[in-house]
Amino acid sequence: MNQLAKIDIRHSTCPHDCPSACALDIEVIDNSTIGRVRGSKKQTYTAGVVCAKVARYAERIHHPDRLTFPQFRVGPKGSGKFARISWDDAFDEIASRFNQAEREFGAESVWPYYYAGTMGLVMRDGINRLAHVKKYSRFYSTICSTIARVGYAAGTGRVAGVDPREMGVSDLIVIWGTNPVNTQVNVMTHAMRARKERGAKIAAVDIYNNDTMKQADIKILLRPGTDGAFACGVMHVLFREGFADRAYLEKYTDCPDELEAHLATRTPEWASSICGVPVAEIEAFARAVGQTPRTFFRLGYGFTRSRNGAAQMHAALCIPTVTGAWQHEGGGAFFNNFAIWKFDESIIEGHDAVDPTVRQLDQSKIGRILTGDPAALKNGPPVKAMLIQNTNPMTVAPEQALVRQGFARTDLFTVVHEQFMTETAQMADLVLPATMFMEHNDLYYGGGHQHISVGAKLIEPPGECRSNHEVLRGISRRVGAVHPGFEMSPRELIDATLKKSGHGGIEALEEDIWRDIQPDFRTSHYLDGFAHADRKFHFKADWARVPLGNAGMMGAWEQLPSLPDHWASIEEADEAHPFRLATSPSRSFLNTSFNETPSSQAREGVASVMIHPDDAAPFDIADGDAVTLGNMRGETTLIAKLFDGVRRGVLVAESVHPNKAHIGGRGINMLTGAEAVAPFGGAAFHDNKVWVKKASAEIPTP
């Protein structure tokens, strides 16, 4: 009789660009095959729950379209015509072209480019070691969290907060600027626990009636980019009606009297005229917060998608400080635990080889950089060669018209190390097959919680796939990049990094599986003072001196309001562009990850945009019609979904569908800008003015 295969349950951590960094129990069937993936109950934040797309990870790791051998281009750029090549020949070609660019234009003409396709430290950040040793152009990461981080740190002095598991013992959870049903499922795990066990209320503050807001008890529907006005209206009520904890304010904050005087004119009526929330709803929200000591503010990444996002994050963060919610278990605020990891990545990144005079190029401005914009190039040489890992800029980067133009250059040599033939890989000269996280060793942390872990190699990769570390070693040996990090294995790099960071060695962390490093209660709640030098929470933000590493002041940072306020720096609608567009995250795609899996494609369907029925009517737009959105940057055509869960004049397009999934092949980021956002840079993906017109086109098949 046939015997059933023995399934081994192994542990790992989800590596994708998500704050949950879920703890996983994985069915390992044999040396090359996995089965079901589940959230582990052994880790207290994941608590046995994982998103549907990761639960179906076997669909992705065993996908028939995975890249499994190196390929070189044999047709015009973008034609998709490639032929097989050996790894040795691929490495030789890379070295030849990188060295040629260096001889002719200087080392800065080579730009290693990456992002968060994996959040593992070894595989994500090792590319910086190559850049630093060779003096290639350095990489400034701006596409995700820069804006929100600085807004949070402006208040507390560091990016860390209350243990997010305390949502489970809160009486009111305010979920603001994030849609965790789509993006951070574990937030809902702990919020729902509080509702079930304590009768807690859930409040959602967002720009559309998304899947999180549909589950909320209190629903606050804002116009995009107006969170600061709403926050000020709320705080006006808190002071006016006696909900401000004056003893707490006197002990823990910098200028409570000045804040109260400033807010005197920021009435609910003033706020309502800007944010669109009725006065009665502003007042009711303020009273709910003021009457509930255990109010937990879970602040999200939506703040980091707007030109005024830093000021908005700071304003929202001020609310639990006015009420003194930080004093209570289940009270206070959390955004990200960036400050608690304290990983010393000096070996992984080659910090000993950093030359600060080498230019640092902004990832969000890749379109401008590749099309020769002198300011974006820091008045240096053109970029002539690139190594791209863990990202898909041909779809996700702003100013797609420029990005397309740049990648089409015949004098640009591009190497893409990828898992699938993405739209960026299709523009490459060389495409190299990459491993997935179960096929290599790496070190992980959870931005949305407090655990660190080793993700062990569980199965062998298919075909000739190689890890990022292996590729970097192969290139380094041929371009003369010498550093101890290139001679170490991933496990050795993990071990050395943990020891340099004071976390012990790799074996001890593997024994723990997931190690909880949440600071103690008093530290997490700032009960011994906040992290600024004066130990105060700063209502008055000193934007030029926020204690957060940055590449210099950017944007109109001098105009940032010091006290919480509405900062009208957003891309306001005008006569030519009467709508505001936000490109919010979907449930089944993660940026452009998972958009290759059939189950995710089936759930998301065609690329679409939500439009209020009253906004659609004057244009004779019906549900399911093709519509074109446009602005000064470009146009895209998608399918209209009539939806009354937005304020009038607001459009929402969920997810980043492939360009080819849009009618006409132009994706949603044709409309997004790459202007540096104050004060430290960033990309304002949800902050776009657009026009709308009915289009005549067939609906594409997803």
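Scroll up to find the structure.
Residues numbered from 1 in each chain as written. Predicted model: local features only at pLDDT ≥ 70, side-chain atom pairs only at ≥ 80, totals over all residues. Heavy atoms only, no water.

A. Geometry of the overall build of the chain. A tally of helices and strands in the chain yields 24 helices and 25 strands. For a compact globule of 702 residues, the expected C-alpha radius of gyration is about 27 Å, and the chain comes in at 25 Å, within 12% of that figure. Based on the C-alpha atoms only, the size of the chain along its principal axes is roughly 75 × 65 × 60 Å. Within the chain, the proportion of its 702 residues that are buried is 64%. Looking at the chain alone, contacts between residues at least 24 apart form 75% of all its contacts between residues at least 6 apart. For the chain, the computed accessible surface area is about 24600 Å², with 49% contributed by carbon and sulfur atoms. (Helix = DSSP H or I, 4+ residues; strand = E, 2+ residues; numbered from the N terminus. Rg over C-alpha atoms; globule rule 2.2 N^0.38 Å. Buried < 20%, exposed > 50% of the residue type's maximum accessible area, 1.4 Å probe, protein only. Contact = heavy atoms within 4.5 Å. Areas by Shrake-Rupley, 256 points an atom, 1.4 Å probe, with all protein chains shown as cover.)

B. Structural detail: the pattern of salt bridges. Under the defined criterion, the tally for this structure stands at 48 salt bridges. Glutamate 510 serves as the salt-bridge partner of arginine 491, at 2.8 Å between the closest nitrogen and oxygen. Residue arginine 491 is located in helix α20 (residues 490–500), and its partner glutamate 510 is located in helix α21 (residues 506–512); the two are separated by 19 residues in the primary sequence. In this structure, arginine 603 and glutamate 604 form a salt bridge, with 3.6 Å as the shortest nitrogen-oxygen distance. Overall, the relative accessible area of 46% leaves arginine 603 in the partly exposed class. By relative accessible area, which is 11% here, glutamate 604 ends up buried. (Salt bridge = Lys/Arg side-chain N within 4 Å of Asp/Glu carboxyl O.)

C. Main features of the packing of aromatic side chains. Throughout the structure, instances matching the rule amount to 24 aromatic pairs. Between tryptophan 341 and tyrosine 445, the ring centres sit 5.3 Å apart and the planes meet at 40°, which makes this aromatic pair tilted. Placement of the pair is tryptophan 341 in the loop between β12 (332–334) and α14 (346–349) and tyrosine 445 in strand β17 (residues 442–445), with a sequence separation of 104 residues. Residue classification places tryptophan 341 among the buried residues on the basis of a relative accessible area of 4%. Taken together, the aromatic side chains of Trp176, Phe230, Phe285, Phe297 and Phe303 make up a single cluster linked through ring pairs. In this structure, arginine 60 packs its charged tip against the face of phenylalanine 594, placed 5.4 Å from the ring centre. (Phe/Tyr/Trp six-rings, centres within 6.5 Å; stacked < 30°, edge-to-face > 60°. Lys NZ or Arg CZ within 6 Å of the ring centre and 35° of its normal.)

D. Just the sheet that holds β12, in detail. Taking strand neighbours across the sheet as the criterion, the 5 strands line up as β10-β9-β8-β11-β12 in an open arrangement whose pairing is parallel. Each edge of the open sheet is held by one strand with a lone partner, namely β10 (218–221) and β12. In this sheet, adjacent strand axes meet at a mean angle of 15° when their direction is disregarded. Helix α13 (residues 309–323) rests against β8 (172–176), β11 (295–299) and β12 of the sheet, and its axis sits at about 165° to β11. (Pairing = 2+ DSSP bridges. Axes fitted to C-alpha atoms, helices over the stretch in contact; angles between N-to-C directions.)

E. Main features of the sheet that holds strand β15 (residues 413–418). The strand order across the open sheet formed by 6 strands is β5-β4-β16-β15-β14-β6, and the pairing between neighbours is mixed. Each having just a single partner strand, β5 (82–84) and β6 (110–114) make up the two edges of the open sheet. Shown here is a sheet whose adjacent strand axes are inclined to one another by a mean of 20°, direction ignored. Direction of pairing for strand β4 (residues 71–73) relative to strand β16 (residues 430–433): antiparallel, over a ladder of 2 bridges. Bridge assignment links glutamine 71 to a residue of β16, and that residue is valine 431. Here helix α3 (residues 87–105) sits on the sheet in contact with β6, β14 (385–389), β15 and β16, set at roughly 135° to β16.

F. Region of interest: the side chain of threonine 13. Mapping threonine 13 onto the fold places it in strand β1 (residues 8–13). Classification of threonine 13 by relative accessible area gives buried; the value is 2%. Polar contacts involving the side chain of threonine 13 include one to the side chain of serine 453, which spans 2.6 Å. Separated by 3.1 Å, the side chains of threonine 13 and tryptophan 514 make a polar contact. Sequence-distant contacts of threonine 13, that is, excluding residues within four places in its chain, are made with Ala21, Cys22, Leu24, Phe437, Tyr444, Ser453 and Trp514. (Polar contact = N/O pair within 3.5 Å; in protein donor to acceptor, adjacent residues only side chain to side chain.)

G. Looking closely at helix α12 (residues 279–290). For α12, spanning 12 residues, the distance from its first C-alpha to its last is 16 Å, which sits close to the expected 16 Å at 1.5 Å a residue. Every buried residue belonging to α12 is among Ile282, Glu283, Phe285, Ala286, Ala288, Val289 and Gly290, and all of these are buried. (Expected span 1.5 Å × (residues − 1).)

H. Fine view of the environment of threonine 295. Structurally, threonine 295 is set in strand β11. Contact partners of threonine 295, with chain neighbours within four places excluded, come to Ser170, Leu172, Val174, Val289, Ala325, Gly330, Gly331 and Gly332.

I. How the structure looks around the packing of helix α8 (residues 227–240) against α12. Interaxial distance between α8 and α12 falls to 9 Å at its minimum, and their mutual angle equals 60°. Taken as axis vectors, α8 and α12 run oblique relative to one another. In terms of crossing hand, the pair formed by α8 and α12 is right-handed. Residues Phe230, Gly233, Val234, Val237, Leu238 and Arg240 of α8 form the contact with α12, whose own contacting residues are Ile282, Glu283, Phe285, Ala286, Arg287 and Gly290. Within the contact of α8 with α12, the residues separate by chemical class into 7 nonpolar, 2 polar and 3 charged. (Parallel < 35°, antiparallel > 145°, perpendicular 65-115°, else oblique. Left-handed = near helix turned anticlockwise from the far one by under 90°. Nonpolar A, V, L, I, M, F, W, Y, C, P; charged D, E, K, R; others polar.)

J. Focus on the state of the cysteines. Per the stated rule, a full pass over the model turns up 0 disulfides. Cysteine cysteine 255 is unpaired, with the sulfur of cysteine 318 as its nearest cysteine sulfur at 8.8 Å. The class for cysteine 255 is buried, based on a relative accessible area of 11%. With no disulfide partner, cysteine 465 has as its closest neighbouring cysteine sulfur the one in cysteine 14, 19 Å distant. (Disulfide = S-S within 2.5 Å.)

K. Structural detail: the pairing of β6. Within β6, 5 of the 5 residues are buried, which leaves the element mostly enclosed by the surrounding structure. Neither face of β6 is left uncovered, since the one carrying Val110, Pro112 and Tyr114 and the one carrying Trp111 and Tyr113 both have all their residues buried. Across 5 bridges, the pairing between β6 and β14 is parallel. When the sheet's bridge partners are listed, tryptophan 111 is paired in β14 with methionine 386.

L. How the structure looks around the side chain of serine 586. With respect to the helices, strands and loops of the structure, serine 586 is situated in the loop between β20 (579–582) and α23 (598–604). Residue classification places serine 586 among the buried residues on the basis of a relative accessible area of 2%. Among the polar contacts made by the side chain of serine 586, one reaches the side chain of serine 655 at a distance of 3.2 Å. Sequence-distant contacts of serine 586, that is, excluding residues within four places in its chain, are made with Asn182, Glu604, Glu654 and Ser655.

M. View of the packing of helix α11 (residues 268–275) against α12. Running from N to C, α11 and α12 point in directions that differ by 115°, and their axes come no closer than 9 Å. The two elements α11 and α12 cross, and the hand of that crossing is right-handed. Counting all contacts with α11, which are made through Pro268, Glu269, Ala271, Ser272 and Cys275, the residues of α12 involved are Val279, Ile282 and Glu283. Among the residues forming the contact of α11 with α12, the class breakdown is 5 nonpolar, 1 polar and 2 charged.

N. Structural context of the nonpolar core. Phe98, Trp176 and Phe230 are the most contacted members of the largest nonpolar core, which has 171 residues in total. With 9 residues, α13 is the single largest residue contributor to this core. Aside from chain neighbours lying at most four places away, what touches phenylalanine 230 is Trp176, Val205, Ile220, Leu222, Ala271, Cys275, Val277, Ile282 and Phe285. Membership of the second largest hydrophobic core comes to 23 residues, among which are Cys22, Val50, Ala456 and Leu590. (Core = buried A, V, L, I, M, F, W, Y, C linked by side-chain atoms within 4.5 Å.)

O. Seen up close, unusual backbone geometry. In the segment running from alanine 678 into proline 679, the intervening peptide bond is cis, with an omega of 0°. Checked against the element boundaries, proline 679 lands in the loop between β24 (650–652) and β25 (688–694). Positive phi is not limited to glycine here, since asparagine 390 has a value of about 65°. Along the chain, asparagine 390 falls in the loop between β14 and α16 (393–396). A residue is classified by how much of its surface remains accessible, and asparagine 390, at 14% relative accessible area, is buried. Residues other than glycine seldom take positive phi values, yet arginine 535 does so here, at roughly 65°.

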